[in-house]
Amino acid sequence: MADDWWRGAVIYQVYPRSFCDANGDGIGDLAGISEKLPYVADLGVDAVWISPFFTSPMKDFGYDVADYCGVDPLFGSLADFDRLLEDAHRLGLKVIIDQVYSHTSDAHPWFEESRSSRTNPKADWYVWADPKPDGTAPNNWLSVFGGPAWDWEPRRKQYYFHNFLKEQPDLNFHNNEVQTAVLDAARFWLDRGVDGFRMDVANFFCHDPQLRDNPPFPHPNPVKAYWLQRQVYNRSRPETLDFVARFRACLDRYAGAMAVAEIASDHPVATTAAYTDGPDRYHTAYSFVFLRQTSGVRHIRDSIEEMLAAAPGAWPSWAFSNHDVPRVVSRWGDGANVAPAERAAFAKCLIAVLTCLRGTVFLYQGEELGLPQAFVPFERLQDPESRRFWPAYHARDGARTPMPWRCDAPHGGFSVAEPWLPLDPAHLALAVDRQQDDAGSVLAFTRRFLSWRREQPALITGDIHFLHVDDAVLAFERRLDRRRLLCAFNLSAANARFTLNESVAAVHATGLPGSVEHGCGVMLPPFGGVIAAMD
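These numbers were taken from a predicted model, which means no experiment stands behind them.

Pairing is antiparallel in the open sheet, where five strands are placed in the order β14-β15-β16-β21-β18. Two strands lie at the open edges of the sheet, namely β14 (463-470) and β18 (506-507), each paired on one side alone.

Enumeration over the complete set of coordinates arrives at 45 aromatic pairs. Taking 6.2 Å as the distance between ring centres and 65° as the angle between the ring planes, the aromatic pair formed by Tyr 12 and Phe 19 counts as edge-to-face. Just as Tyr 12 is buried, Phe 19 falls in that class too. Put simply, the rings of Tyr 68, Tyr 101, Trp 110, Trp 125, Phe 173, Phe 197, Phe 205, Phe 243, Phe 247 and Tyr 282 pair up and form one aromatic cluster. The ring of Trp 405 has Lys 36 sitting right over it, with the charged end atom 4.3 Å from the ring centre.

Moving on, we get to the pattern of salt bridges. For the structure shown, the criterion picks out 35 salt bridges. Measuring nitrogen to oxygen at the nearest pair gives 3.6 Å for the salt bridge that ties Asp 334 to Arg 343. Exposure remark for Asp 334: the relative accessible area of 47% places this residue in the partly exposed category. Taking the shortest distance from any N to any O, the salt bridge between Arg 479 and Glu 477 comes out at 2.9 Å. Look at Arg 479 and you get partly exposed, because its relative accessible area is 33%. Residue Glu 477 is classed as buried on the basis of its relative accessible area of 5%. Within this structure, Asp 60, Lys 224, Asp 324, Asp 383, Glu 385, Arg 396 and Arg 400 form a network of salt bridges that share partners.

Turning our attention to the nonpolar core. Across soluble globular proteins, nonpolar side chains show a tendency to be buried alongside one another. If you look at the biggest cluster of nonpolar residues, it comprises 130 residues, and the most contacted ones within it are Phe 247 and Tyr 282. The dominant element in this core, judged by the number of residues it contributes, is helix α9 (residues 343-356), at nine residues. In contact with Tyr 282, other than residues within four places in its own chain, are Met 199, Ala 202, Phe 205, Phe 243, Val 244, Phe 247, Arg 248, Ala 259, Ala 261, Tyr 275 and Thr 276. Counting residues in each nonpolar core, the second largest holds 25 residues, with Ala 9, Phe 145, Tyr 226 and Met 258 among its members.

What follows deals with the pairing of strand β9 (residues 196-199). The side chains of a regular strand alternate between the sheet's two faces. Residues Gly 196 and Arg 198 point to one face of β9 and Phe 197 and Met 199 to the other, with burial holding for every one of them. The pairing of β9 with strand β10 (residues 258-263) spans four bridges and is parallel. Its bridge partner lying in β10, Met 199 is registered against Ala 261. Crossover β9 to β10 through helix α5 (residues 240-251) is right-handed.

This paragraph deals with the sheet that holds strand β20 (residues 521-524). Within the open sheet, the three strands sit side by side as β17-β20-β19. Their pairing is antiparallel. Only two strands of the sheet have a single neighbouring strand rather than two, namely β17 (496-499) and β19 (515-517). Across the sheet, the mean angle from the axis of one strand to that of its neighbour is 20°, orientation sign disregarded. Relative to β20, β19 is paired through three bridges, and the arrangement is antiparallel. Each bridged residue has a counterpart across the sheet, and for Glu 517 the counterpart in β20 is Gly 521.

Cut-offs and rules
Residues numbered from 1 in each chain as written. Predicted model: local features only at pLDDT ≥ 70, side-chain atom pairs only at ≥ 80, totals over all residues. Heavy atoms only, no water. Pairing = 2+ DSSP bridges. Helix = DSSP H or I, 4+ residues; strand = E, 2+ residues; numbered from the N terminus. Phe/Tyr/Trp six-rings, centres within 6.5 Å; stacked < 30°, edge-to-face > 60°. Buried < 20%, exposed > 50% of the residue type's maximum accessible area, 1.4 Å probe, protein only. Lys NZ or Arg CZ within 6 Å of the ring centre and 35° of its normal. Salt bridge = Lys/Arg side-chain N within 4 Å of Asp/Glu carboxyl O. Core = buried A, V, L, I, M, F, W, Y, C linked by side-chain atoms within 4.5 Å. Contact = heavy atoms within 4.5 Å. Right-handed = clockwise from strand over helix to strand, strands pointing away. Axes fitted to C-alpha atoms, helices over the stretch in contact; angles between N-to-C directions.

Rendered as structure tokens:
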């Protein structure tokens, strides 16, 4: 594959704890991923993104790293990862892995040394600050996971900063030694043959050295106190881009290596543009612009057009679901009053929409099955964020429940033991073995559609131009050279019709319900779609 293999690629996200358990302890592992790689390859995707499997106390389930170059025994060994990488490459799949550089675990040796005194060699590797005269925290910064973003260390008689859990102290990226250390960790995995990285909270790396207070923000529904501040001084700092340039230079030494940044920002489109527009930036990035509650034709169209205007030369990435948000079939479907009987049609339409947009596509495990958000009772919740903000906000565990492989097997075929999170009984009817040979299933549609998409260069690297036809219809053209494809999707539960200004040359049989009459009249039933050649 070309060095720019990631442009227009479909990348399948695997959440290791919940994908497949090969050793029978109730937790998914690397050997389980290897076992299911043929299934992933058969979907027609180009790459797999594996969420953290590194050594960790698991306070935040792997996003609290205690050794950047070690595999946690829960998931297997370094040899297991090497076998996984070899198996994936043999199947034609690229592999990207998470890198969590904003913070480490408080059990990381770097932090254990840093917290021991103010004079040790790593004393400045984390963000430390003196208390105010009255003993309170240095400023008003808040943690994403609740409470102040500062915790007291009695040995140093100082506070340390943590954007997330108190067990996740933030690294000090104003220190070049820290930057060099994490670059060494990146090279460790690149030398093993990984094809790239997903950069966790990529705009959180630097903080304001003056530790200025964040200004208030009048959020209309502040489930979290964090939402009542504009995150001006604790994320999206301009100094972060200096590290991005160093990181990109490191990647460029490895043919075909890429990095996709996760952007969480008050201004997601502008921040995404800043982090991807130029040869010394990340190759691509995705934000939460489609991962929140807001949905609808206008939101999708306006967000992409804003991105194109902000950085026409940048390459975006898009995701509708991942391990941090409720599954899209429920998140958008509930808002659009999608009936349970219509969820399969809705899921197929969303797969088509996502994979026809201009950019790199991220498909979350189970999305190809049309899985809705799982119900997890409070007593089974594991995620610290879900427990902290229950019942108003308990999204993440419901998106992380085990993958249903076999409907009649114990625990859906995920494991022979009780899983770390319960399998939702509603997912069993959507298990892989139930959909495998059903030509009308979401799984079968996904496989056919992605296979067809691979033969459409305009959908992979072409430009995008939106048509303003109907509030219920998302319509756009993908253009490459002289090839033009009309893509029109009805995201509502009512019939939709519109008329084109010109006739189509041919309608592609994609498996979505929809038709073109008299060459220019487009008829779309609920959650239907038409993809037609215009050249």
